[in-house]
Amino acid sequence: MSVSTADKAVVWDWVKAAAAAAEEGPGADTVIIDVGDVLVITDHFVITSGANTRAVRALAERIEEAVDLGGGPKPICIEGLSDYEWVLMDYGDFVVHIFTASARDYYALELLWKDCPTLTANPLPS
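Described below are features of the structure shown in this document. Every value quoted in this text rests on a predicted model; they were computed, and no experiment measured them.

**Remarks on unusual backbone geometry**
Moving on, step 1. The backbone phi angle of Tyr 84 is positive, close to 55 degrees, even though this residue is not glycine.
Moving on, step 2. When you line up the elements, Tyr 84 lands in the loop between strand E3 (77-79) and strand E4 (86-90).
Moving on, step 3. Although it is not a glycine, Ala 108 sits at a positive phi angle of roughly 45 degrees.
Moving on, step 4. Mapped onto the secondary structure, Ala 108 falls in the loop between helix H3 (101-107) and helix H4 (109-112).

See the structure below:
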């Protein structure tokens, strides 16, 4: 099953797996933003942050593994692996943003997308 033709319920399971992996790992303040009504290229953002670049790296690895274990795809691309300040993992139907705390404050994606529905990752809705 390709990501672009995946059933929305299946994709939602992958989004929840990514967010849960962040919360179980060294992730902090994980949120899911539903951007599907305003963006054509993706439906959800998962945003989380790690205490430092090592935590960001661990989160990226943990999230990729969790999505894979849930039957999800590999990321189409991953950006930010050179410095681990902001790692973007593009899965097509959803995008995972992993920041250091200072980068998350600086870029403030939650403010940019404040008009979109936001869900906290814990507890995740079914």
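**A short note on the environment of Asp 115**
Moving on, step 1. Tracing the sequence through the fold places Asp 115 in the loop between H4 and strand E6 (118-120).
Moving on, step 2. Put simply, Asp 115 and Glu 85 are 30 residues apart on the chain and 25 Å apart in space, counted from C-alpha to C-alpha.

**A look at the nonpolar core**
Moving on, step 1. Core analysis: the largest hydrophobic core is formed by 23 residues, its most contacted members being Ile 63, Met 89, Phe 94, Val 96 and Ile 98.
Moving on, step 2. Looking at this core element by element, the count peaks at eight residues for helix H1 (residues 8-24).
Moving on, step 3. The residues touching Phe 94, leaving out its near neighbours within four places in the chain, are Val 11, Trp 14, Val 15, Ala 18, Thr 42, His 44, Val 67 and Met 89.
Moving on, step 4. In terms of nonpolar packing, the next biggest core, distinct from the first, is built from 11 residues, Val 31, Val 35, Phe 99 and Trp 113 among them.

**Let's talk about the pattern of salt bridges**
Moving on, step 1. What the rule picks out here adds up to five salt bridges.
Moving on, step 2. The partner of Asp 13 in a salt bridge is Lys 16, and the shortest N-O contact between them spans 3.7 Å. Of this pair, Asp 13 and Lys 16 are both found in helix H1, three residues apart, which corresponds to roughly one turn of the helix.
Moving on, step 3. The class of Asp 13 is partly exposed, set by a relative accessible area of 43%.

**Points about the packing of H1 against helix H2 (residues 53-69)**
Moving on, step 1. Contact pair H1 / H2: the axes reach a minimum separation of 8 Å and the direction vectors enclose 145 degrees. Viewed along their axes, H1 and H2 form a crossing whose handedness is right-handed. Contact with H1, carried on its side by Trp 14, Ala 17, Ala 18, Ala 21, Ala 22 and Glu 24, involves Leu 59, Arg 62, Ile 63, Ala 66 and Val 67 of H2 and no other residues of that element.
Moving on, step 2. Partitioned by chemical class, the residues of the contact of H1 with H2 number nine nonpolar, no polar and two charged.

What counts, and at which threshold
Residues numbered from 1 in each chain as written. Predicted model: local features only at pLDDT ≥ 70, side-chain atom pairs only at ≥ 80, totals over all residues. Heavy atoms only, no water. Helix = DSSP H or I, 4+ residues; strand = E, 2+ residues; numbered from the N terminus. Core = buried A, V, L, I, M, F, W, Y, C linked by side-chain atoms within 4.5 Å. Buried < 20%, exposed > 50% of the residue type's maximum accessible area, 1.4 Å probe, protein only. Contact = heavy atoms within 4.5 Å. Salt bridge = Lys/Arg side-chain N within 4 Å of Asp/Glu carboxyl O. Axes fitted to C-alpha atoms, helices over the stretch in contact; angles between N-to-C directions. Left-handed = near helix turned anticlockwise from the far one by under 90°. Nonpolar A, V, L, I, M, F, W, Y, C, P; charged D, E, K, R; others polar.

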